[in-house]
Amino acid sequence: MRPCLLWLYLLVFAFAAPLGATAAETGKRLALVIGNGQYEAAGTLPNAVSDARDFGAFLSARGFEADVVTDADRSHLAEAMSRFVRKVGKDDTALFYFAGHGMQLRGENYLVATDARLASEFDVAAETLALADVIEAIEKKAKIALVFVDACRNNPLANRLNQEIEGATRSIATRGLAPVETDSAGTMVAFAAAPGQVASDGSGKNSPFTTALISHLAGPGLEIGTAFKRVIRDVRKATDGKQSPQILSSLALEFYFDPSLPSGEQAPVDTPAIDQKTIAVEADFRKALRINTPRVWTLFLGQHQTGEQAILARQILNQLQPNPALGSGANAETRETGLGLSKTQRHDIQVALIGRGFAAGQPDGAFGQQTRRALADYQKSIGIGNSGYFDEQTAKSLGMAVQAYGNGLYSSPLARVYNPKDFEGLETDPRVLKAVACSPYYERIYGSFDGHLYVLMRAGLITRKSAASISKRCGGYLATITSEAENSFIASLLNKDPRLFLMGYDPKGPVSYKMGAWIGLIQDPSGKEPRGGWKWENGEPMTYSKWYTNMPNENKPGDDYAMYYAHKQGKADTKTQYVDTWDDMGESDGGYSFVMELQ
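Now for a description of the structure that goes with this document. From a predicted model like this one, the values you see are computed outputs, not experimental measurements. (Residues numbered from 1 in each chain as written. Predicted model: local features only at pLDDT ≥ 70, side-chain atom pairs only at ≥ 80, totals over all residues. Heavy atoms only, no water.)

### Looking at the overall build of the protein chain
- Each helix and strand counted, the protein chain has 18 helices and 25 strands in total.
- Here the contacts in the protein chain between residues at least 6 apart in sequence split such that 72% fall between residues at least 24 apart.
- With the model as given, the accessible surface of the protein chain reaches about 25500 Å², and the carbon-plus-sulfur share is 51%. (Helix = DSSP H or I, 4+ residues; strand = E, 2+ residues; numbered from the N terminus. Contact = heavy atoms within 4.5 Å. Areas by Shrake-Rupley, 256 points an atom, 1.4 Å probe, with all protein chains shown as cover.)

This is the structure we're talking about:
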C-alpha cells in the first residue's frame, strides 16, 4: 500500500448516462494502453506493466484495436500518443489507459516517463505527459473519449519536488488541488483512488483497480456508468475501504463494452427521468471542486449531507483540514466580535433595545456599560442567558439580520485566481462574494479576523496609489491594523506565498530585502520626519505600529507610505524569512501585493 501522489480531484457526475441516449457505434474502437514500471530514478512498480498488458488483452477481446506500450520514456510516450491520435476519427471511441507514476504540480496533472528525474519544476514538461493535453487531444477527435488512470503510486521524485516548491508543511495540502475539466459531451475520466487515499498494487499480478475493470466493464448489457458502480464496490472491498475509484463523466451517450443483454432480459422501453436534484448537487460539487478550500467543502456539506458527493466531500475536507478548529467553544465576546458589527449596526441595536423599554443609553454606536446592561436584561427577558454581548439569537429576536464570521484562512494557502460564478449558491459571506468578484484576474489569498475580511492581492509590480485605487473600487480600503493580533493574522496570510514579496539585493545597504504588501498607513507630509504624522488611510489614528528595526527612516523625501518589509545583511536568501514588520516607502516604489480590507 502506498500513498497517492496524484491527488487528482474528481467528480462523480453521473453513474448512469445523464441524457439516457445510446451511442450507435459506427466508428472504430481504438485504445492506447501504457504501463510504466521500470523507472530509472523512482524505483520499480511491480504491477504497472502486467496491468497494462492484461487490460490491453481485455480490450482486444472486446473489439478494440489496442496499442500496448510498456516502460516508455518521454520520447516514446509522445510518439505513442501522436500515433494514437492520428488514427482517431470523429465517429470513433478512443480509450486511453495509463498505469505508472503520476504527479501534480501547480494545479496540473502529469503522467511520468520512465527516464524522468524531475530535478526541478522546469523539467516537468520535458519528462512527463500532461494529462490535460491527453484528454484534450482525444476528446477533440473522438465521438467518445474514455481515460483510465491507475497512477496513485508512491513517487519519491514528485514528493521531493512538491516539498521543494510548496514547502514541507504545505505540500500535502496543496499537491492534490487539480480538478479536471473537459470540453466534450462524450468524455469520461476514471481514477484508481479518491484524493489522499492509498492505491494498492494488490497481492496478485494486477492492481485492485485494473482487476475490477477487467471483471466488470464487459458485463453483458452493462452501461459503463453502471459498470463503474461495481468497480468501485470491488475496489473498496479489496482494500478494506482504503481506496475508492472515482470518475468524471460528461457522457451524453451511453457506452457498452458488451452491448448484448443478459439472457431473459429485454431492453428498457422508457428513458429514465432526469433527477433535477441530483443535477443540482453535481453542479455544486463541481463548483466546490474548483474552489477546493476547507471553507467551501464545509459549506457544501452544510447543504448536501448525504450521497456519494457528500462522502467525497468529507474525504477531501479531511485531507485539506485533518484537525478542523472547533468554534462551538467561543465565548460571548468572541462571538460578538465575529459578527463584525459596524457603528451603524450598533446604533440600530441600541435604538431597538430602547424601543423595547431597555435603557441602552444614548444611541451613539458605542457599547458602553449601560448598553451592556440593557443587552443582558433583554437577553434574560427572552430566556437566552444574560451575557450582555450581542449574538445571532439576540439579533433574531430583535428582527435584525447579522452575519457571523469565523476567524481564519478562507481561501487556499497560495494565491490563485477564483471564478466568481463558482461561489454562487455555496458561499454565504457577502464580503467573500465581493472580494472574488472584484478584479477577478488577480490572484488572491483571503481570510477573516474579528469581523474583517482581509484580501492579499497579487498584482505584479504595483504602486501604493494603484493599490489604494483598486481597494476603493472593490468597496474596501488598504488595511488598517490596530493590534498585534491583527497584524499577526495578516502576516500569516501574507507569508503563505513567497510570490507576494518582491525580493532582491541592495548593494548600498548592503542588504538582501524582502518587500511585502502595501497597507493603509500614510504620513502627513507636514508631519515630523520620520515618525510623526502617521495615520491610517480610513482616518483612524495610529495606535499600534510594527516598524522594522530603525524604520521609518525617511530614506528619501516622500517616503510616506507603509508596507510589510524585512531584510538580512549582505547577500542572503530571504525566501523563507518571515515578515511581520513594516517600512516606509515612496509613491514611486512598487511591491508585488497589497492588503485590502473589507467590513
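### Observations concerning the pairing of strand 25 (residues 591-598)
- For strand 25, the tally of buried residues reaches 7 of 8 residues, placing the bulk of the element in the interior.
- With 7 bridges connecting them, strand 18 (residues 452-462) and strand 25 associate as antiparallel partners. Its bridge partner being in strand 25, Tyr454 is matched across the sheet by Glu597.
- As paired strands, strand 19 (residues 477-478) and strand 25 are joined by 2 bridges and run antiparallel to one another. Its bridge partner lying in strand 25, Tyr477 is registered against Glu597. (Buried < 20%, exposed > 50% of the residue type's maximum accessible area, 1.4 Å probe, protein only. Pairing = 2+ DSSP bridges.)

### Considerations on the environment of Arg233
- Within the secondary structure layout, Arg233 lies in helix 8 (residues 224-238).
- Since its relative accessible area comes to 48%, Arg233 is described here as partly exposed.

### Some remarks on the nonpolar core
- Within the largest apolar cluster, 76 residues are counted, with the highest numbers of intra-cluster contacts made by Trp297, Tyr564 and Phe594.
- Sequence-distant contacts of Trp297, that is, excluding residues within four places in its chain, are made with Phe285, Ala288, Leu289, Asn292, Ala313, Ile316, Leu317 and Leu320.
- In this structure, Leu30, Ala80, Val124 and Ala192 belong to the second largest nonpolar core, which totals 72 residues. (Core = buried A, V, L, I, M, F, W, Y, C linked by side-chain atoms within 4.5 Å.)

### Notes on the packing of helix 2 (residues 74-87) against helix 4 (residues 131-139)
- At a minimum axis separation of 9 Å, helix 2 and helix 4 run at an interaxial angle of 20 degrees. Taken together, the axes of helix 2 and helix 4 lie roughly parallel to each other. Crossing geometry of helix 2 relative to helix 4 is assigned as right-handed. From helix 2, Met81, Phe84 and Val85 reach across to helix 4, where they touch Val134, Ala137 and Ile138.
- Here the residues of the contact of helix 2 with helix 4 are counted per class, giving 6 nonpolar, no polar and no charged. (Axes fitted to C-alpha atoms, helices over the stretch in contact; angles between N-to-C directions. Parallel < 35°, antiparallel > 145°, perpendicular 65-115°, else oblique. Left-handed = near helix turned anticlockwise from the far one by under 90°. Nonpolar A, V, L, I, M, F, W, Y, C, P; charged D, E, K, R; others polar.)

### A word on the packing of aromatic side chains
- Taken as a whole and assessed by the stated rule, the structure comprises 21 aromatic pairs.
- Between Phe58 and Phe257 the ring centres are 6.0 Å apart and the planes differ by 45 degrees, which places this aromatic pair in the tilted class. You can see Phe58 sitting in helix 1 (residues 48-61) and its partner Phe257 sitting in the loop between strand 15 (253-254) and helix 9 (276-291), a full 199 residues away along the chain.
- Note on Phe58: relative accessible area 4%, which makes it buried.
- Its relative accessible area of 4% is what places Phe257 among the buried residues.
- The interplanar angle of 80 degrees and the centroid separation of 6.0 Å between the aromatic rings of Tyr544 and Trp582 together place this pair among those described as edge-to-face. (Phe/Tyr/Trp six-rings, centres within 6.5 Å; stacked < 30°, edge-to-face > 60°.)

### Focus on the side chain of Asp391
- Secondary-structure assignment places Asp391 in the loop between helix 14 (369-381) and helix 15 (392-397).
- On the basis of relative accessible area, Asp391 is assigned to the buried category, the value being 14%.
- Of the polar contacts made by the side chain of Asp391, one reaches the backbone nitrogen of Gln393; its length is 3.3 Å.
- Non-local contacts of Asp391, meaning those with residues more than four positions away in its chain, are made with Leu339 and Gln379. (Polar contact = N/O pair within 3.5 Å; in protein donor to acceptor, adjacent residues only side chain to side chain.)

### Concerning the sheet that holds strand 12 (residues 187-191)
- A sheet is described by the order of its strands in space; here 6 strands give the open sequence 6-3-7-11-12-14, paired in mixed fashion. The open sheet is flanked by strand 6 (65-70) and strand 14 (246-249), the only strands paired with a single partner. Recorded for the sheet is a direction-independent mean angle of 10 degrees between the axes of neighbouring strands.
- In terms of strand pairing, strand 3 (residues 29-35) meets strand 6 through 6 bridges, oriented parallel. Bridging across to strand 6, Leu32 finds its partner in Asp67.
- Strand contacts of helix 7 (residues 208-216): strand 7 (93-99), strand 11 (144-150) and strand 12, with the helix running at about 145 degrees to strand 11, the strand carrying the most contacts.

### Looking at the pattern of salt bridges
- Tallying each qualifying case throughout the model produces 23 salt bridges.
- The partner of Arg83 in a salt bridge is Glu79, with the nearest N and O atoms 3.7 Å apart. Linking Arg83 with Glu79, this pair stays in helix 2, spanning 4 residues, or about one helical turn.
- For Arg83, a relative accessible area of 29% corresponds to the partly exposed category.
- Close ionic contact of Arg346 with Glu336 constitutes a salt bridge, the shortest N to O distance being 4.0 Å. (Salt bridge = Lys/Arg side-chain N within 4 Å of Asp/Glu carboxyl O.)

### Considerations on the environment of Phe285
- Within the element layout of this structure, Phe285 appears in helix 9.
- Sequence spacing of Phe285 and Gln309 is 24 residues, and the spatial spacing of their C-alpha atoms is 6.8 Å.

### A look at the packing of helix 9 against helix 10 (residues 294-303)
- The geometry of helix 9 relative to helix 10 is characterised by a closest axis approach of 9 Å and an angle of 165 degrees between their N-to-C directions. With respect to each other, helix 9 and helix 10 are oriented roughly antiparallel. Crossing of helix 9 over helix 10 shows left-handed handedness. When helix 9 is examined against helix 10, the residues Val281, Asp284, Phe285, Ala288, Leu289 and Ile291 are found in contact with a partner set consisting of Val296, Trp297, Phe300 and Gln303.
- Residue composition of the contact of helix 9 with helix 10, grouped by class: 8 nonpolar, 1 polar and 1 charged.

### Quick notes on the state of the cysteines
- Counted under the stated rule, the structure contains 1 disulfide.
- Paired through a disulfide, Cys438 and Cys474 show a sulfur-sulfur distance of 1.6 Å. An S-S torsion of about -70 degrees defines the bridge between Cys438 and Cys474 as left-handed. Residue Cys438 is located in the loop between helix 16 (430-437) and strand 17 (443-449), and its partner Cys474 is located in the loop between helix 17 (464-473) and strand 19; the two are separated by 36 residues in the primary sequence. Of the two residues, Cys438 and Cys474, both sit in the buried class. (Disulfide = S-S within 2.5 Å.)

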